[in-house]
Amino acid sequence: MDWRTWIYDTLHSDEDILALFPGGIHSTLENDATPDLKPFAVIRMTDMTGDVGSFQDAVVWVHDTPDGYTQIDERLAAIREKLVGQVSELGAITALWQGDGPDVADDKRGTLVRSSFYRLVGGDLDGNGDD
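Calculation rules
Residues numbered from 1 in each chain as written. Predicted model: local features only at pLDDT ≥ 70, side-chain atom pairs only at ≥ 80, totals over all residues. Heavy atoms only, no water. Helix = DSSP H or I, 4+ residues; strand = E, 2+ residues; numbered from the N terminus. Buried < 20%, exposed > 50% of the residue type's maximum accessible area, 1.4 Å probe, protein only. Contact = heavy atoms within 4.5 Å. Core = buried A, V, L, I, M, F, W, Y, C linked by side-chain atoms within 4.5 Å.

Enquirer: Kindly report on the environment of Leu120, identifying the contributing residues and their values.
Expert: Here Leu120 lies in strand β7 (residues 111-122). A relative accessible area of 1% means that Leu120 is categorised as buried. Leu120 sits 35 residues away from Gly85 along the chain, and the two C-alpha atoms are 9.8 Å apart. If we ignore the near neighbours within four places in the chain, the residues touching Leu120 are Trp3, Trp6, Ile7, Met45, Ser54, Phe55, Gln56, Ala58, Thr94 and Ala95.

Enquirer: Any chance you could break down the nonpolar core for me, citing the residues and the numbers?
Expert: Ranked by internal contacts, the top residues of the largest apolar core, which has 24 residues, are Trp6, Ile7, Leu11, Ile79 and Leu120. Mapped onto this core, the elements with two or more residues apiece are α1 (3-12), β2 (40-49), β3 (55-64), α3 (70-83), β5 (92-100) and β7.

Enquirer: Please give an account of the environment of Val121 that cites residues and values.
Expert: Its place among the elements puts Val121 in strand β7. As a C-alpha pair, Val121 and Ile93 span 28 residues in sequence and 5.5 Å in three-dimensional space.

Written out as structure tokens, the structure reads:
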């Protein structure tokens, strides 16, 4: 199970979610890159944790203009509603919301930022690389 692809595809398949992010939803973003339009989101994955492929953690960062966190919170809630629950992909079980991060500022990009943390359960459960 490729969780990064699942998150990316799940968010990109929803026109309402895409409309919330004129700057895009990115699976990677170079350190110096800043989309011209805001808000935008960035998906970050952690290394696999626990037994082979049993779960993986992900963080979704939402950046917006420095006008306050209300719109960021609304966008994080929309992403959470889209991602959390049972996952029907082969080898996957569920996506769990672990909570949101604190209010921070990204001075390099000139944005306010918050994040949501997810635990993605399932994956290469038998260790043979084909789930």
